[in-house]
Each structure stands twice: as structure tokens, then as C-alpha cells.
Amino acid sequence: MSTDIQIAIVGSAGDGTIAAGDILRRAMAEFGYRVISFDVYPPEIRGFGKCIARLRATDEQAYSLKPQSDVLVSLDDSHAIPHVNEAREWGAVIYEGGSVGPLAEGTHISAHIDPGQIPYNPPLRELSEKSTGSARSRNIVVLGYIAGLFRLPVEPFLRALNSKFKSKADVAKKNEAALRAGYEEGARWFRLDDVAFGPPPAKDGGATVEMISGNAAVVRGALDAGIDNFFGYPITPATSIMERLASEMPKHGTRLLQTEDEISAIAATIGAGFTGARTATATSGPGLALMAEMLGLGVIAEVPSVVFVSQRGGPSTGMPTKTEQSDLNMAVYGGHGDAPRIVIAPTNVEGCYRCGGKAFEMAEAYQTPVIVLLDLYLSNRYETVPFPAQPPFEADMNRYADTRGGKAAGFKRYALTDEHISPRSIPGQAGGMHIATGLEHNELGRPNDQSAMHTAMSRKRHEKLKAALKHPDFTAYKRFGDAGPVDVGIVAWGSTFGEALEAMILAREEGIRCAALKVVMISPFPTEVVAAFMADAGATLVPELNYQGQFAGILQAHVARPVTRLARVTGEPMEVGEILAEIRRLAGRTPAQQAA
Amino acid sequence: MGDIRPVYLEEKLKEVEDSGRLGYRSKALPTWCPGCGYFAIVDAVAAALCEQCVPYEDAVIVSGIGCSSRFPFFMNAYGMHTLHGRALPVATGVKTANPALTVVAVGGDGDGFAIGGGHVPHAARRNLNITYLLFDNGIYGLTKGQTSPTSATGFRTTTSPYDNTDRPINPLMLLLSYGATWVGQSYAGKPEHLRRMVAAALAHRGFSYLHIISPCVTFDKTHRTYVNLGTKIRELPADHDPSDKLGALREAMNDSTPAIGLYFREDRPTLDDALDTIVEKAGGTAARERVIQKQAGRKTRG
Ligand SMILES: Cc1ncc(C[n+]2csc(CCOP(=O)(O)OP(=O)(O)O)c2C)c(N)n1
Ligand code: SF4
Ligand SMILES: [Mg+2]
């Protein structure tokens, strides 16, 4: 029996909702299921705003959450009532069943549950008080209840609890008591829902599967690729990249510095890149805007650097705790002059790991800034990732010039070559002295603004990047779904690709011929691949999280074919159902045909 | 005025050639206006690097944008000619990535105290182990004569045709309070003094800030001319104690008759020291050795 179960826990910030979700996903990962999980919480640090923890446990890694959950848990009915519809038919709805005192009509969740949904109403508060002496452990009780109800072993929950709270003995005892109290209660029940966990899948040989967030995966990729230096300035949702590196890098003998702003962060990154080191910074849209001028220096001086960007709602301070994909234009085009750079956007957490390491290879191989574009949804979501036993990254892809016996000041750092890449030298290397300058220059790096030179150097800077599309052992794009001609082709990028893929899978189950093209490398743009994909598709759909359809705009600048833009700015991930509806519409399916 | 005597070109050339410092000069001749104070600085830096036997390939000169920031092109060393105002953060990256390098940041008064003013306190407080040479001509030279943060009140420029109404900042006082561990001032019109000061700045372990007063002969015919400066500039009193910060601040406050010399110096752990301490605390000292070897290994490829 295969497993594909999604659980949503809804509560207020004071209920321990997010903590419960975290323990649940750790336990599920420990069972051996593949997990994807994303939490929604209010921007305020304290308060009683709505929190939702969602996770989906499967046998094979899922790319996104499902439109509907199999189990909905309410820790706070006022917040959970609007989400009752999220539970599927014959799914479970679990809520506080103890006495809650007199309520105004309609404020109890039981009044909102559909006949097809199966209610469970354990006395969470009472069980918490009995087992721990306080009502504060309802969130732990409900986890035990879930374990009991679905006949899951309780030990992984215990271990997840203890590892999360690294608790003192008395706290650990209370947690265990709460968990067991919930478990006993759950195990007493005869179930009517049709939610069923199968045995966890067999373990992959070689790889170790770990549950990790997008930002943590980026960090892991950077560390596995041998990052030497990091310079950064805190900003949501990128901060945790720097925080993790701050504790990890010194253990590797490498150096991290919190700079005075993002201009200095990218400046120092480029300064370090000049010395041959693998260096990076991380920021969000506002910081990337500040970095624009310096990235141009990286482009013209051909200095390797890596910039991790996690997007949030904009413009300006915008919506710091909401997700959006609206910094794409800035990542690809931002800055003055013709300043081409590499932009890659992972589509899931495993991709964050790969891009997090590969970016350093590319920066060196093509001597350019590389922007790795994430968004809050990807940075903060958790997935299980199989990490290979050996990091899949090359330690050094620099092409060093042989400058031995070279004449002083005669080294052609910017030599015009057939593949447009010039062998480099780094400080300390005798005979390789040169000036990296933001002025247009000749092959020696000397200022030169002759027409022919500017034309030749501009061509070099643009053309050298094309090879990146075939960068070794890197998936710049990939087709999923039906081969050959399709009714609907979806071209998607970044975090939204997951929802696009899920919608495509559902559409194919409905008999619609469709395919999805994942585009990871957006600059340089894989024009030929996208053009061929679109030529095969009756209609092309481009879903993304920004108002203008920025990716669609870039696509159309390269491929002159019509696309249907599905551009949304809700601050939330795209809804699978919305993409699916659009696929049906483009495939010519009427709602009636759908029902049939 | 005792040291004035006729100097014959050949004699001078021989002296310079024998010193070996010409090796630190690139073949590119400075593109500055004849008479510009900056010429003296090129020679002083070449002499200081030569004196300390820094291999050409181990020196990195980092500049911003301005007439002054053209400097790296005139040196035979590695260099970065970056963005207006950003020499210090770029130099921070160079030095942090490879502490074995001798890093010198250079730039103008606009570069360092207008657009780049936000970086100076941080390089100073961290005690970044580099030398920062600030070429102060009290004007924007490269953009052809606009007011700068060190322009005198009443100075008439292309952007202050009715006189500059702002008051100038006092860079020495700023650097002293930012926590620079070596603060000195010199004058492009006194090449010998300048040479000594650059050498001393370079020899200091920590953030050394040398403020170099330098006339822009093209766009300032009224204020900082050689004639005016020659009469105003004095030496720090012989009894000035460079370990006395308050004394240094008092001297720095007198900017109507600027004094040249070493205002302040102290020993404090550098940014490199601090970063090494962090590595030690994290238990990464052995790994650090490997990183340093990797860094050293890179340059020998070819
Ligand atoms: C972001 C940016 N703004 C403005 C300029 C134009 N600009 C170039 S140099 C300069 C001022 C130079 O003055 P200073 O730093 O004092 O150096 P000087 O030329 O006097 O040596 C300005 C405003 C620029 N290059 N970049
Ligand atoms: S404009 Fe002024 S600062 Fe620039 S080179 Fe000429 S004299 Fe020197
Ligand atoms: Mg100036």
C-alpha cells in the first residue's frame, strides 16, 4: 500500500501550532516517508495570529502540497473554521472535544464540518492538564492522538520531541506524558475515515535522506562545494542562510563577516572572489537592489561571485513574510549597462542543495556573478532530501593561466579566446599582475573605450555564458509528463514549478494530454529547448507569483509565441486547483465534461 | 626650508632606479594633470612597498572611482579599480579571503566621505589590517570640480556657484573616534614626509589611515593651492604623544592650520585575529590550516 497523506494543523501563535507541525514532520521523516512541509504564520513575533502547519508524507518525494488535506487539526476553531473545506471527503477533522463553555452560534467547528468529513473530538485540554498539570501541552497531546488514531509507532514522535526541545529531564518527562496520553486516547477509537498510512518505503542505498529546509539545503550545498568566505547583511527570508553559515563555517576553518550593508556584502564577496576564493552573499529583493551596481563590476571585471536571493513580497519593504517571485526581472536584468549574468532558480529543496553548490562551479567556470533565486516558500519549506555519499561538486573549476616566467604587467587577463573565457591569475601568482576594473578595458585590463574593443568585450561577456546551459552534471531544464505533442504545455520556474507539476499530474489523470517544462537556468535562457517544447504544445501556460508575468515576459523576449499567463500575487504559494482549472480551460474541457 | 638644493634630473633618476622602487610602477604613466599632488603619492607607495620587500604579486591595491582612484593602474601589482565609494568593502573581501596579501585601499575625499562614508567606521572599528590612503583635494576632480565633503565653506565650485554653504567634515577626528588604530596626516607637497608616513602606515599591523592633503591644480585655484597650503601646514608638535587619543583629537580639531605627522597609534587585535579566534572557538583550527594551504596552492597552478 502506498502512502500519500497530507496533514494540516491550524491554530493561533500561542497554541504551539508550528512546533507541533515541526515535530510531526520530523517524526514522519524518521519513519522513512518522504516529506514536504510548509508553514504559514503571522509577521508579528508575538500575538495570536493564525498559524498553519502543513505536511505531506509520501513514498516518493512530492513536488508540492496537495490542494486538499487528508487530516485537518484544529487547535483554535476561530482560525480553523475557514479551512474546514481543506479537509477532503472521508478525511479526518480533529478538534478540541472537551468543554469549551457557552459559545455564540457557529463559532464551534463542529457546526462547519461536512457530512462526508469524519470528526474526532478528543478532550485535548483535559488530557494535557491530567498528564502534565497544564493545558499548554495540547499540541503534544494531539500529536499523540494522531499517532494512536492512525496506529503509528510512538517512538519516532518521542525522539522528534526530544531532539527539538533538547529538553531538561523534567520537561522531557512532561512531553512524553502528554504524548502518551494523546496516544492512548487515539488508540481507543474505531476509525471511520479512509486515511491510511502504508509501510514506509525501503531506504535508498548510498544516499542518506534528511529532512531539511530550502535555506538549510543551500547552506549544505555551499559547504559541500567548499565555500571559503561569506559576507552578508540580515534580511527575511534569507537570514537563516547566514545564521547557519555563521555557526558552520568556522568549524571548517572558513570565514564569515556580517557587513554594514548589502553594498559592502557584495563588494566584499567580489573582493574575495578576486583572490580565487569561493565566496557568496545572501539577501532578498531590497538587498539585491542595493547590489545592482556592484554586480555590474563583477560582470565587467569577470570576477566569480555567488548571490543567494530569497524573494519576498515587494516592492519596497512590501510583505517580508509572504512569498512572491517578483524579483526575477531584477535578478536577470537588474543594473546598468549590458550586464549578463547567470541566474538559476531551484524548484525544490533538493534543487536548493544542487544549485547551492553548483553556483560556485559556474561562477568559476564562466567568471561571472551567479544569482541563485529562491523565494520564501522555498527557503522555509521542508523536504526530505537524499544526500549523496560524496558531494557532487567539483572542488575548483578555475581556469588558471600559466604565468610562470611572465613579464611584469604584460599578462592578458582578458584575452579574447574562442570560447570567450580567459585564463585567470590571482593575487599571489607571480607574473599575473593585472587590474580588475569597472572601466571598459583591453585584453590587458587597461582602460580602453575604442568602439571595436567595447564591441569585442561585450560579445565576450555575453557569449561565454551560453556554455553554462550545458554545465556538467547540472539540470538546466527538464521535461515532465507526456512526450510528443500535447494539448497544454506548462513552462514553470522556481517554487511554483511544484504546484504546476502537481496540476499537470492531476490533469493527466483526467485524460488531458499535457507536459510541464521545468526551467532552472533562466539566464542564459534555454531558448531552443523552450521553443521546441512550445512548438509541441497546443497552448502554453506560464504560472508564476508576480503581477506582470515576469518569467513569461522573459520567455517571450526569446521565443515569439503566445503564452497564457497565470500570474498571482496573493503572498501565498500558487493553488494547484487554479493551475488545474486553467489547464482544463486551455484543453477545451467544459465543467460538464469534467464531471463526466 | 633648509633642505632645498638644486636637484638634477639625472641624479634623481639614478637614485630612484637604484632604490628598486621603479619596479613597483607600471609602464602606464599617470594620466593626472601636470602638477597634481597625486604624483607624489605614487612614488611614496612604490618606495614603501619596495622598502618592505613586498613581492609585486602579493600586493593588492584597491580603489574606488575618481582621479585618485586611477592609482592602481600606475602600480605594478594586483589591483581592483572598483566603484565610487566602495574601495573599503572590496578591500575587506580581499584581505579576509587571503590575509597573506598586503592590501592598500586608496581613494578621494568624495569617494571616502561622501558616497563611501558609511564604510569607513566599520573598516576602522574592525581594525581591518590594511592601509587606507585618502587623497584629499577638497573637490571632485574627475567630474571636473564640484564640492566635496571636505570643501571649505565659501568655496565656489560648479555646483556651488553662490559659494559652498556646507561646513567640511573633519576626517581625522572621525577616524580617531571610529577606532582606527593608526591615524596620520601628510601633504603631497612634502614628498619625503609623505614617503616616511606611507611606509609607517604600511608597517602598522591594523587599520592605518593616512590622510594626504593634495592640491587639485586644475579645479581649485583659490583654496588648496600649493602656495596657500605651504604657508598653513605645520608639523605636529615634537612632544605630541601618539598614544594619547585626547591629545590627538585636540590636534585634529585645529583644521585651520593642519598639522602633518602621526596623530595616534595603538595595538589592538585585527579583524583577522578576531576571525581566527572564532574559528578556534568553533574547533576549526586544523581545518583553517587546510584552507590556508588551499589558498596558497591556488596561485601555484598554471
Ligand atoms: C555611483 C556613482 N556616482 C557618481 C559617479 C561620478 N563620479 C565619479 S568620480 C566622482 C567624484 C570624485 O571625487 P573624489 O572622490 O574626491 O576623487 P578625486 O577625483 O577628487 O580624486 C564622482 C561624483 C560615479 N562614478 N558613480
Ligand atoms: S583634475 Fe585635479 S585631482 Fe584630477 S588629476 Fe587634475 S589636478 Fe589632479
Ligand atoms: Mg577629491
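Since we're looking at a predicted model, the values are computed, not measured.

**Remarks on the overall build of chain B**
And then number 1: What chain B contains, in helices and strands, is 11 helices and 8 strands.
And then number 2: The globule rule puts the C-alpha radius of gyration for 302 residues at 19 Å, and the 19 Å found for chain B is close to it.
And then number 3: In chain B, buried positions account for 55% of the 302 residues.
And then number 4: When the accessible surface of chain B is summed, it comes to about 13000 Å², and 57% of that surface belongs to carbon and sulfur atoms.
And then number 5: One way to put it: in chain B the 33 positive side-chain charges average out to a point 6 Å from where the 30 negative ones average out.

**Structural notes on the packing of helix 15 (residues 496-509) of chain A against helix 18 (residues 576-586) of chain A**
Residues and elements named next belong to chain A.
And then number 1: Look at helix 15 against helix 18: their axes get within 8 Å of each other, and the N-to-C directions meet at 50°. Taken together, helix 15 and helix 18 sit at an angle that is classed as oblique. When you trace helix 15 past helix 18, the crossing you get is right-handed. Contact residues: E499, A500, E502, A503, M504, L506 and A507 in helix 15; V576, I579, L580 and I583 in helix 18.
And then number 2: Class assignment of the residues belonging to the contact of helix 15 with helix 18 gives a composition of 9 nonpolar, no polar and 2 charged.

**Quick word on the interface of chain B and chain A**
And then number 1: Facing 51 residues of chain B, the contacting portion of chain A comprises 55 residues.
And then number 2: Between chain B and chain A the total buried area reaches about 4300 Å² when both faces are included, carbon and sulfur atoms providing 63% of it.
And then number 3: Counting every contact that joins chain B to chain A gives 4 salt bridges.
And then number 4: Of the charged contacts in the structure, one is a salt bridge between R255(A) and D272(B), with a shortest N-O distance of 2.7 Å.
And then number 5: At the level of secondary structure, the elements contributing two or more residues to the side of chain B that touches chain A comprise strand 2 (78-81), helix 3 (87-97), helix 10 (271-281) and helix 11 (285-298) of chain B.
And then number 6: With 8 residues, the single largest contributor to the side of chain B that touches chain A is helix 3 of chain B.
And then number 7: Tallied by class, the residues present in the side of chain B that touches chain A amount to 22 nonpolar, 15 polar and 14 charged.
And then number 8: Bridging between strand 15 (residues 435-437) of chain A and strand 2 of chain B involves 3 bridges; their strand directions are parallel. Within strand 2 of chain B, the residue paired with T437(A) across the bridge is H81(B).

**Focus on the coordination of the magnesium ion (ligand 3)**
All names here are of chain B.
And then number 1: Bound to the magnesium ion (ligand 3) on the protein side are D109 (OD), N137 (OD1) and I139 (O), at distances that span 2.1 Å.
And then number 2: One chain supplies every donor for the magnesium ion (ligand 3), spaced along it as D-x27-N-x1-I. Here D109 is found in helix 4 (residues 109-115), whereas its partner I139 is found in the loop between strand 4 (131-136) and helix 6 (171-178), with 30 residues between them in sequence. Just as D109 is buried, I139 falls in that class too.

**Regarding unusual backbone geometry**
Both trends apply: most residues other than glycine have a negative phi, and most peptide bonds are in trans.
Residues and elements named next belong to chain A.
And then number 1: Here the bond from G314 into P315 is cis, since omega is 0°, no more than 30 degrees from zero.
And then number 2: With respect to the helices and strands, P315 occurs in the loop between strand 11 (305-311) and helix 11 (328-333).
And then number 3: Residue P524 is bonded to the preceding S523 through a cis peptide linkage, with omega at 0°.
And then number 4: Looking at the element boundaries, P524 is found in the loop between strand 19 (521-523) and helix 16 (527-535).
And then number 5: Phi at W90 takes a positive value of approximately 65°, unusual for a residue other than glycine.
And then number 6: Here W90 is to be found in strand 5 (residues 87-94).

**Digging into the site of ligand 1**
And then number 1: Near ligand 1 you find 18 residues, and of these Y38(B), C67(B), S68(B), D109(B) and D111(B) are the closest.
And then number 2: Proximal residues around ligand 1 fall on chains A and B, making this an inter-chain site.
And then number 3: One of the backbone nitrogen or oxygen atoms of C67(B) is found 2.8 Å away from an oxygen atom of ligand 1.
And then number 4: Separating an oxygen atom of ligand 1 from a backbone N or O atom of I139(B) is a distance of 3.0 Å.
And then number 5: When ligand 1 is considered free in solution it has 590 Å² of accessible area, and contact with the protein chains removes 77% of it.
And then number 6: Partitioned by chemical class, the residues of the shell around ligand 1 number 7 nonpolar, 8 polar and 3 charged.

**Section: the pattern of salt bridges**
Side chains bearing opposite charge may pair, as long as their charged atoms lie close to each other.
Residues and elements named next belong to chain A.
And then number 1: Taken as a whole and judged by the stated rule, the model has 51 salt bridges over all chains.
And then number 2: Among the ionic pairs, D22 bridges to R25, the shortest N-O distance being 3.0 Å. Linking D22 with R25, this pair stays in helix 1 (residues 17-31), spanning 3 residues, or about one helical turn. There is no split in this pair, since D22 and R25 are both buried.
And then number 3: Taking the shortest distance from any N to any O, the salt bridge between R585 and E582 comes out at 2.6 Å. Taken together, the residues span about one helical turn, with R585 and E582 both in helix 18 at a distance of 3 residues.
And then number 4: Relative accessible area serves as the criterion here: at 15%, E582 is assigned to the buried category.
And then number 5: Through salt bridges with shared partners, a single network forms among D4, R56, K66, D70, R88, D194 and E502.

**What about the pairing of strand 1 (residues 59-63) of chain B?**
Working note: regular strand, side chains alternate between the two faces of the sheet.
Residues and elements named next belong to chain B.
And then number 1: Most of strand 1 is tucked away: 5 of the 5 residues are buried.
And then number 2: Taking every second residue as pointing to the same face, both faces of strand 1 are buried, with A59, I61 and S63 on one and V60 and V62 on the other.
And then number 3: Pairing geometry for strand 1 and strand 3 (residues 102-108), over 5 bridges, is parallel. Paired with V62 across the strands is A105, a residue of strand 3.

**Some thoughts on the sheet that holds strand 17 (residues 486-492) of chain A**
Residues and elements named next belong to chain A.
And then number 1: Strand order across the open sheet formed by 5 strands is 16-18-17-20-21, with mixed pairing between neighbours. Only two strands of the sheet have a single neighbouring strand rather than two, namely strand 16 (477-481) and strand 21 (564-567). Strand-to-strand twist of the sheet, defined as the mean angle between neighbouring strand axes without regard to direction, takes the value 20°.
And then number 2: Bridge analysis of strand 16 against strand 18 (residues 514-519) gives 5 bridges, and the strand direction is antiparallel. Residue pairing across strands places G481 opposite A515, the latter belonging to strand 18.
And then number 3: Where helix 15 meets the sheet, its contacts fall on strand 16, strand 17, strand 18 and strand 20 (537-544), and the angle it forms with strand 18 comes to roughly 165°.
And then number 4: Where helix 16 meets the sheet, its contacts fall on strand 16, strand 17, strand 18 and strand 20, and the angle it forms with strand 18 comes to roughly 170°.

Conventions and cut-offs
Residues numbered from 1 in each chain as written. Chains lettered and ligands numbered in written order. Predicted model: local features only at pLDDT ≥ 70, side-chain atom pairs only at ≥ 80, totals over all residues. Heavy atoms only, no water. Helix = DSSP H or I, 4+ residues; strand = E, 2+ residues; numbered from the N terminus. Rg over C-alpha atoms; globule rule 2.2 N^0.38 Å. Buried < 20%, exposed > 50% of the residue type's maximum accessible area, 1.4 Å probe, protein only. Areas by Shrake-Rupley, 256 points an atom, 1.4 Å probe, with all protein chains shown as cover. Lys, Arg positive; Asp, Glu negative; His and termini not counted. Charge placed at Lys NZ, Arg CZ, Asp CG, Glu CD. Axes fitted to C-alpha atoms, helices over the stretch in contact; angles between N-to-C directions. Parallel < 35°, antiparallel > 145°, perpendicular 65-115°, else oblique. Left-handed = near helix turned anticlockwise from the far one by under 90°. Contact = heavy atoms within 4.5 Å. Nonpolar A, V, L, I, M, F, W, Y, C, P; charged D, E, K, R; others polar. Buried area = accessible area lost by both parts, 1.4 Å probe. Salt bridge = Lys/Arg side-chain N within 4 Å of Asp/Glu carboxyl O. Pairing = 2+ DSSP bridges. Donors = N, O, S within 2.8 Å, 3.2 Å for Na, K, Ca; no water. Near = heavy atom within 4 Å. Polar contact = N/O pair within 3.5 Å; in protein donor to acceptor, adjacent residues only side chain to side chain.

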